[in-house]
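Secondary and tertiary structure notes
Given next are the chains, with one letter for each unit.
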Amino acid sequence: MENQREAIRNQLARFARILDSRRWDSVGEVFADEVRFHYGDGREQAGIDAMREQFRAFLDGCGPSQHLLGSIMIEPDGDGWLSRAYVQARHQGRGERSDRIFDTHGDYVDRWRRIDGAWKIVRRDVAWSMHIGDPTVLGPGD
């Protein structure tokens, strides 16, 4: 059971690094093709392509970012697992906005299932608790 928890922790770390390196083709390493999600923006969405677009819409126009996950709790959930992880993400502007910062703090609640030998997120719900700074650093790229 601890090996499964460790595998999920590693997947969460992989997710943060995929975002910060903008490796959009790798999003499917962590999320199931049929993932369903609510990213705290009032919209229920589904599918890996929609998930990629969610990330791109905020990060493609942004400069460097760093997503830090902590206080991770993982518990059995039927035939899978449920994880809760605090997220603290720093986003820096780029170009003329490179002196601006936007921080987000919240909670990722993920449901995990084993798919093709790997633990993947099949459901993500995000609750944002605070935003600090200039949100204009986020947005689509050129």
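Residues numbered from 1 in each chain as written. Predicted model: local features only at pLDDT ≥ 70, side-chain atom pairs only at ≥ 80, totals over all residues. Heavy atoms only, no water.

Below, the discussion takes up the packing of aromatic side chains. Geometry of an aromatic ring pair is reported as the spacing of the ring centres plus the angle between the planes. Enumeration over the complete set of coordinates arrives at 9 aromatic pairs. A ring pair is formed by F15 and Y108, whose centres lie 5.6 Å apart and whose planes are at 75°; its orientation type is edge-to-face. Here the residue F15 occupies a position in helix 1 (residues 2-21), and Y108 occupies one in strand 5 (residues 101-115), the gap between them amounting to 93 residues. Judged by centre distance (6.3 Å) and plane angle (80°), the rings of F37 and Y39 are edge-to-face. Each member of the aromatic cluster is reached from another via a ring pair, and the members are F15, W24, F31, F37, Y39, F55, Y108 and W128. Sitting over the ring of F15, R124 keeps its end group 4.4 Å from the ring centre. Across from the ring centre of Y108, 3.9 Å away, lies the NZ or CZ of R124, which sits over that ring. (Phe/Tyr/Trp six-rings, centres within 6.5 Å; stacked < 30°, edge-to-face > 60°. Helix = DSSP H or I, 4+ residues; strand = E, 2+ residues; numbered from the N terminus. Lys NZ or Arg CZ within 6 Å of the ring centre and 35° of its normal.)

With that out of the way, let us pick up helix 1. Each α-helix turn comprises 3.6 residues. Residues three or four places apart therefore point the same way. For helix 1, which comprises 20 residues, the first-to-last C-alpha distance of 29 Å matches the rise-based estimate of 28 Å (1.5 Å per residue) to within 8%. Looking at helix 1, one finds that the buried residues are R5, I8, Q11, L12, F15, A16, I18 and L19. All buried residues of helix 1 fall inside an arc of 160° around its axis, so they share one side. Projecting away from the buried face of helix 1 at angles above 90 degrees are the exposed residues E2, N3 and R17. The elements touched by buried residues of helix 1 are strand 1 (31-38), helix 2 (48-59), strand 3 (65-77), strand 4 (80-92), strand 5 and strand 6 (118-133). Once helix 1 ends, the next one or two residues include R22, with phi positive near 60°. (Expected span 1.5 Å × (residues − 1). Buried < 20%, exposed > 50% of the residue type's maximum accessible area, 1.4 Å probe, protein only. Arc of directions from axis to C-beta. Contact = heavy atoms within 4.5 Å.)

Turning to the sheet that holds strand 5, a few remarks are in order. Taken in spatial order, the 6 strands line up as 2-1-6-5-4-3 in an open sheet, and their pairing is mixed. Of all strands in the sheet, those with a lone pairing partner are strand 2 (44-46) and strand 3, marking the two edges. Pairwise comparison of adjacent strand axes, ignoring direction, gives a mean angle of 20° for this sheet. Bridge analysis of strand 5 against strand 6 gives 14 bridges, and the strand direction is antiparallel. Residue H105 lies in a different strand from strand 6, and its bridge partner there is M130. Packed on one face of the sheet, helix 1 meets strand 1, strand 3, strand 4, strand 5 and strand 6 and runs near 155° to strand 3. (Pairing = 2+ DSSP bridges. Axes fitted to C-alpha atoms, helices over the stretch in contact; angles between N-to-C directions.)

Turning our attention to the pairing of strand 3. As paired elements, strand 3 and strand 4 share 11 bridges and run antiparallel to each other. Of the residues in strand 4, the one forming a bridge with H67 is A89. What sits between strand 3 and strand 4 in their antiparallel hairpin is a turn of 2 residues, with G78 showing a positive phi close to 60°.

Turning to helix 2, a few remarks are in order. Counted at 1.5 Å a residue, the expected span for helix 2 with its 12 residues is 16 Å, and the 16 Å between its end C-alpha atoms agrees. What helix 2 keeps buried is the set I48, M51, R52, Q54, F55 and L59. All buried residues of helix 2 project into a common sector of 155° when viewed along the axis, lining one side. Looking at the buried side of helix 2, the elements it contacts are helix 1, strand 1, strand 2, strand 3 and strand 4.

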